[in-house]
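# Observations on the model geometry
Next come the chains, spelled out residue by residue.
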Amino acid sequence: MQLGLIGYYSDFVVYPLVIALLGVAGLIEAGEEGAPDWIGMALVCLGLWTLIEYVLHRFVLHHVPWVRDLHDRHHVEERSPVGTPTWLSLGVHAAIALSVWLITDFATASAVGCGLMLGYLWYISVHHMIHHWHPGHPSYLYTLKRRHAVHHHVDDNANFGVTSMFWDRVFGTARL
Ligand SMILES: [Zn+2]
Ligand SMILES: [Zn+2]
């Protein structure tokens, strides 16, 4: 939705804080023995985020009524602060972590939460940078910026991944 500047930038303050606090609490709970598993689980969920990002962009942002209208607006006014409010995205992450906690334990749930939130933070950061920065060529960011520009202005049925091209390649929606 259309956010004020404070609303738009609050993600970049709130998420690092929440991830750091939850990460410390989770690692303390996991203890020295459980730390490698904790880190492994967080990394798996970080990877899982890239698939969630692809699925959300392809099937939710481009197809669900109302959400689609807002996303269409982002496609046209790419620098205006349209996004998901922090309370909403954080609420979804909290609901997922609490559900995992219910069926497993706090250490696992905190690893899942940290991995997914780290992925989300990376996604919103990359998306911000590719619309506002001018990365040099060749670079990871330049490639992502060019691919995302193709999605915005040439073919909105291609290049749904923002932080990686992996799932576009898997599902045949990559366009260079
Ligand atoms: Zn799009
Ligand atoms: Zn965009």
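Residues numbered from 1 in each chain as written. Chains lettered and ligands numbered in written order. Predicted model: local features only at pLDDT ≥ 70, side-chain atom pairs only at ≥ 80, totals over all residues. Heavy atoms only, no water.

### Quick look at a nonpolar patch on the surface
Going by this rule: Each patch is built from salt-bridge-free residues with over 30% relative accessible area, joining like charges within 9 Å and nonpolar side chains (Val, Leu, Ile, Met, Phe, Trp, Tyr) within 5 Å. Using a 1.4 Å probe, accessible areas were evaluated by the Shrake-Rupley method; residue-level cover was limited to the displayed protein chains. Think of a salt bridge as a Lys or Arg side-chain nitrogen and an Asp or Glu carboxyl oxygen that are within 4 Å of each other. A run of DSSP states H or I qualifies as a helix once it reaches four residues; a run of E qualifies as a strand once it reaches two. Both are numbered from the N-terminal end.
Among the surface-exposed residues, Trp87, Leu88, Val92 and Ile96 lie close enough to one another that they form a single nonpolar patch of about 390 Å² accessible area. Mapped onto the elements of the fold, Trp87 is located in helix α3 (residues 86–103).

### A look at helix α1 (residues 5–61)
The test is simple: The span one expects for a helix is its residue count, reduced by one, times 1.5 Å. The bend at a residue is defined as the angle formed between two axes, one fitted to the seven residues ending at that residue and one fitted to the seven starting there.
For α1, with 57 residues, the first-to-last C-alpha span of 21 Å runs short of the 84 Å given by 1.5 Å per residue. Gly31 marks the point of greatest bend in α1, at about 120°.

### Some remarks on the coordination of the zinc ion (ligand 1)
Selection rule: Coordination partners: N, O, S within 2.8 Å of the metal, 3.2 Å for Na, K and Ca; water not considered, so apparent gaps in a site are possible. Here the term buried applies to any residue with accessible area under 20% of the maximum for its type, exposed to any over 50%, and partly exposed to those in between, with areas from a 1.4 Å probe on protein chains only.
Coordination of the zinc ion (ligand 1) by the protein comes from His57 (NE2), His62 (NE2), His71 (NE2), His75 (NE2) and His151 (NE2), over a distance range of 2.1 to 2.2 Å. The sequence pattern formed by the donor residues of the zinc ion (ligand 1) is H-x4-H-x8-H-x3-H-x75-H. With His57 in helix α1 and His71 in helix α2 (residues 67–76), the pair connects residues that are 14 residues apart, well separated along the chain. For the pair shown, His57 and His71 are each scored as buried.

### Some points on the UniProt feature "domain: Fatty acid hydroxylase" (unreviewed entry) in the chain
Filter applied, for reference: UniProt positions are given in the numbering used here, feature names are shortened, and annotations may be inferred rather than shown by experiment.
Under the UniProt annotation, "domain: Fatty acid hydroxylase" (unreviewed entry) lies at residues 43–173. Across residues 43–173 one finds 71% helix and 0% strand; the C-alpha atoms that close the span lie 25 Å apart.

### Details of the UniProt feature "transmembrane region" (unreviewed entry) in the chain
In this structure's numbering, the residues bearing the UniProt feature "transmembrane region" (unreviewed entry) are residues 12–31, 38–56 and 90–123. A helix fraction of 100% and a strand fraction of 0% characterise residues 12–31, whose end C-alpha atoms lie 29 Å from each other. End C-alpha to end C-alpha, residues 90–123 measures 14 Å, and it is 94% helix and 0% strand.

### Considerations on the nonpolar core
Selection rule: Throughout, nonpolar core names a set of buried Ala, Val, Leu, Ile, Met, Phe, Trp, Tyr and Cys residues whose side chains join them through atoms within 4.5 Å. Should any heavy atoms of two residues lie within 4.5 Å, those residues are considered in contact.
Judged by nonpolar contacts, the single largest core of 26 residues is most densely connected at Tyr15, Ile19, Trp38, Tyr120, Tyr123, Val126 and Ile130. At the level of elements, α1, α4 (106–132) and α5 (140–153) are the ones that each hand at least two residues to this core. For this core, the element with the highest residue contribution is α4, accounting for 14 residues. The residues touching Val126, leaving out its near neighbours within four places in the chain, are Tyr140, Leu144, Val162 and Thr163.

### Some points on the environment of Val64
Mapping Val64 onto the fold places it in the loop between α1 and α2. Given the relative accessible area of 34%, Val64 is considered partly exposed. For Val64 and Ala158, which are 94 residues apart along the polypeptide, the C-alpha to C-alpha distance reads 17 Å.

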